[in-house]
Amino acid sequence: MFYPLSSNSWDKEEAEVFQQVLKKGRFTMGENVKKFESAFSLKFGVPYALMVSSGSMANLVALSALFYKKEHPLERGDEVIVPSISWATTYYPLQQFGLKLKFLDVELDTLNIDATRLEDALTSKTRMVVAVSILGNPCALNTLRSFCNQHKLYLFEDNCESMGATLDSKACGTFGDIGTFSTFFSHHISTMEGGVIATEDEEIYHLAKSLRAHGWTRDIPLDSSIYKKENDDFYESYRFILPGYNARPLELSGALGIEQLKKVDSLLDIRRQNARIFVSLFGEDERFIIQKENGISSWFSFTILLNPNLSVERSQAIRALRQAEIEFRIITGGCFLRHDVIRYFDYETVGDIVNANIIHDRGFFVGNYPKDLRLQIEKFWKVLDSAVR
Ligand SMILES: Cc1ncc(COP(=O)(O)O)c(C=O)c1O
């Protein structure tokens, strides 16, 4: 494959980590996970960071925590405003907890939720907005945050695609009452599988910590507001307070995360250098709509939408890319409303969903990763230039 979708961000340091963890002989969540969490909260300027086994589990545990808050917990039947484009596991926990989804269209250029339509989705049952910054590009987080403040709603930030992105110098993933990250292969840092929950709220943090490990009280400090320790140590060691999960990460993932975080700035720099080449080639060409940066993107990938005014079909472009050995895929998961699984959801669409469908039918992305991709991007340009005429 001349230009694959993804590539490894590991080097010799990560290889050594395998040996170190093997030598230590502790494989389940331990010191390395704790160290990674501290480094993560320092790096992204958020008081509490909790590592879990994946970004999807981060979404599940994080949402679950909001259902067990002492004050203003979410309840079944509450409404949540969501974008029409995101990954499937942004939505699944919402369905699993009995929330009603109100889908808003996205913007054709940023690919993010159309925040001008928020008021249209608001009812007396609305309790939360889900913010997703698609493929590294910050969504209108300030607008979403003030809307939530104004209407006393939770802001849930699924930032699994946008580690390292910032808006007004604030890290994406830290605007919400709770934010989630993924450290899956091909993401901005990789721990094989892994995810992180970030929050400023101590109660949410303690709830998420307990929910991560069986709804147990283990590791929850004695002065926590989520339970009162009693005197019988025998029972206290195995006390269960919440219907939780096993979402614990491996110690190896924590150790890999420590090494990857040390490099995250330089990994992001290379992605951004590649992005400059991509934008210089495609940015001014009316045949293609590329992702318009809002704030500072962490450029997960390079998206192309074939301008809806053109008669050219995507299949034409795709045939040429296949021949040139350039890998491509649908943008995130496409329009979620187009998937069979939607039949299990309680949902409504708010206004017409036009752009998400265009993205589903006329969009695709190619890879970006921390390697110099000049030759690949230039060839990508040449192939599309001659295929889309
Ligand atoms: C927006 C979004 N949320 C959640 C996830 C799930 O992350 P993971 O693959 O680590 O489970 C992804 C995956 O890429 C994603 O793109």
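Before reading further, recall that the structure is shown in the block above.
S.K.: Sorry if this is basic, but what is going on with the packing of helix α10 (residues 314-323) against helix α12 (residues 374-387) here?
M.R.: Any two packed helices are characterised by the angle at which their axes cross and by the distance between the axes. Where α10 meets α12, the closest approach of the two axes is 9 Å, and the angle between their N-to-C directions is 140 degrees. In terms of orientation, α10 and α12 fall into the oblique class. As α10 runs across α12, the sense of the crossing is right-handed. Between α10, through Gln-316, Ala-317, Ala-320 and Leu-321, and α12, the contact on the second element is made entirely by Phe-380, Val-383, Leu-384 and Ala-387. Partitioning the contact of α10 with α12 into residue classes produces seven nonpolar, one polar and no charged.

S.K.: Could you clarify how one ought to interpret the sheet that holds strand β8 (residues 178-182) in this entry?
M.R.: Within a beta sheet, neighbouring strands are joined by backbone hydrogen bonds and run either parallel or antiparallel to one another. Strand order across the open sheet formed by eight strands is β1-β9-β8-β5-β4-β2-β3-β12, with mixed pairing between neighbours. The sheet is open, and its two edges are formed by β1 (48-52) and β12 (347-349), each paired on a single side. Sheet twist, expressed as the average angle between the axes of neighbouring strands with direction ignored, equals 20 degrees. The pairing of strand β4 (residues 126-132) with strand β5 (residues 154-158) spans five bridges and is parallel. If you follow Val-130 over to β5, its bridge partner there is Phe-156.

S.K.: Help me understand the site of the ligand, please; the structure alone is not making it clear to me.
M.R.: In the vicinity of the ligand there are 15 residues, among which Gly-55, Ser-56, Asp-158, Glu-161 and Ser-182 approach most closely. Take Ser-182: an N or O atom from its side chain is 2.7 Å from an oxygen atom of the ligand. For the ligand, an oxygen atom lies 3.2 Å from a polar atom in the side chain of His-187. Surface burial for the ligand is 90%, taken as the share of its 390 Å² of free accessible area covered by protein chains. Secondary-structure elements contributing two or more residues to the shell around the ligand are α3 (55-67) and α4 (88-96). For the shell around the ligand, the leading source of residues is α3, giving three residues. A per-class count over the shell around the ligand returns three nonpolar, ten polar and two charged.

S.K.: Looking at this model, I keep getting lost on the pairing of β8. Mind explaining?
M.R.: Successive side chains on a regular strand alternate, one facing one side of the sheet and the next facing the other. Extensive coverage of β8 is indicated by the burial of five of its five residues. Here three bridges tie β5 to β8, and the two strands are oriented parallel to one another. Each residue of the ladder has a partner; that of Glu-157, found in β8, is Gly-179. Of the pairings in the sheet, the one linking β8 to strand β9 (residues 195-199) comprises four bridges and is antiparallel in character. Residue pairing in the sheet places Phe-181 in a bridge with Val-196 of β9.

S.K.: How should the pattern of salt bridges be read in this particular structure?
M.R.: Once the charged atoms of two side chains with opposite charge are near each other, the side chains can pair. This structure, assessed with the given rule, holds 22 salt bridges. With a shortest N-O distance of 2.8 Å, Glu-14 and Lys-263 are connected by a salt bridge. Highlighted residues: Glu-14 in helix α1 (residues 12-24) and Lys-263 in helix α9 (residues 251-282), separated in sequence by 249 residues. Each member of the salt-bridge network shares a partner with another, and the members are Lys-12, Glu-13, Glu-14 and Lys-263.

S.K.: When you look at the environment of Ile-197 in this model, what are you seeing that I'm missing?
M.R.: Along the chain, the position of Ile-197 falls in strand β9. For the pair Ile-197 and Met-51, spaced 146 residues apart in sequence, the C-alpha to C-alpha distance is 6.4 Å. Contacts of Ile-197, omitting those with residues within four sequence positions, involve Tyr-48, Ala-49, Leu-50, Val-52, Ala-58, Val-61, Ala-62, Ile-178, Gly-179 and Ala-208.

S.K.: Would you explain unusual backbone geometry in this entry?
M.R.: Most peptide bonds adopt trans geometry, and most residues besides glycine take a negative phi value. For Ser-169, which is not glycine, the phi dihedral falls at a positive 65 degrees. Within the element layout of this structure, Ser-169 appears in the loop between β6 (166-167) and β7 (170-171). Of note, the phi angle at Asp-219 is positive, near 75 degrees, even though the residue is not glycine. By secondary structure assignment, the location of Asp-219 is in the loop between α7 (202-212) and α8 (233-236).

S.K.: Just to check I follow, could you spell out the sheet that holds strand β11 (residues 301-306) for this structure?
M.R.: Taken in spatial order, the three strands of this open sheet run β10-β11-β13, and their pairing is antiparallel. Single-partner strands in this sheet number two, and they are β10 (288-290) and β13 (363-367). Across this sheet, the average inter-strand angle for adjacent strands is 30 degrees, counted without regard to direction. Pairing of β11 with β13 involves five bridges; the strand directions are antiparallel. Bridged to Ser-301 within β13 is Gly-367. Packing of α9 onto the sheet brings it into contact with β10 and β11, and relative to β11 it is tilted by some 15 degrees.

Rules behind the numbers
Residues numbered from 1 in each chain as written. Predicted model: local features only at pLDDT ≥ 70, side-chain atom pairs only at ≥ 80, totals over all residues. Heavy atoms only, no water. Axes fitted to C-alpha atoms, helices over the stretch in contact; angles between N-to-C directions. Helix = DSSP H or I, 4+ residues; strand = E, 2+ residues; numbered from the N terminus. Parallel < 35°, antiparallel > 145°, perpendicular 65-115°, else oblique. Left-handed = near helix turned anticlockwise from the far one by under 90°. Contact = heavy atoms within 4.5 Å. Nonpolar A, V, L, I, M, F, W, Y, C, P; charged D, E, K, R; others polar. Pairing = 2+ DSSP bridges. Near = heavy atom within 4 Å. Polar contact = N/O pair within 3.5 Å; in protein donor to acceptor, adjacent residues only side chain to side chain. Areas by Shrake-Rupley, 256 points an atom, 1.4 Å probe, with all protein chains shown as cover. Buried < 20%, exposed > 50% of the residue type's maximum accessible area, 1.4 Å probe, protein only. Salt bridge = Lys/Arg side-chain N within 4 Å of Asp/Glu carboxyl O.

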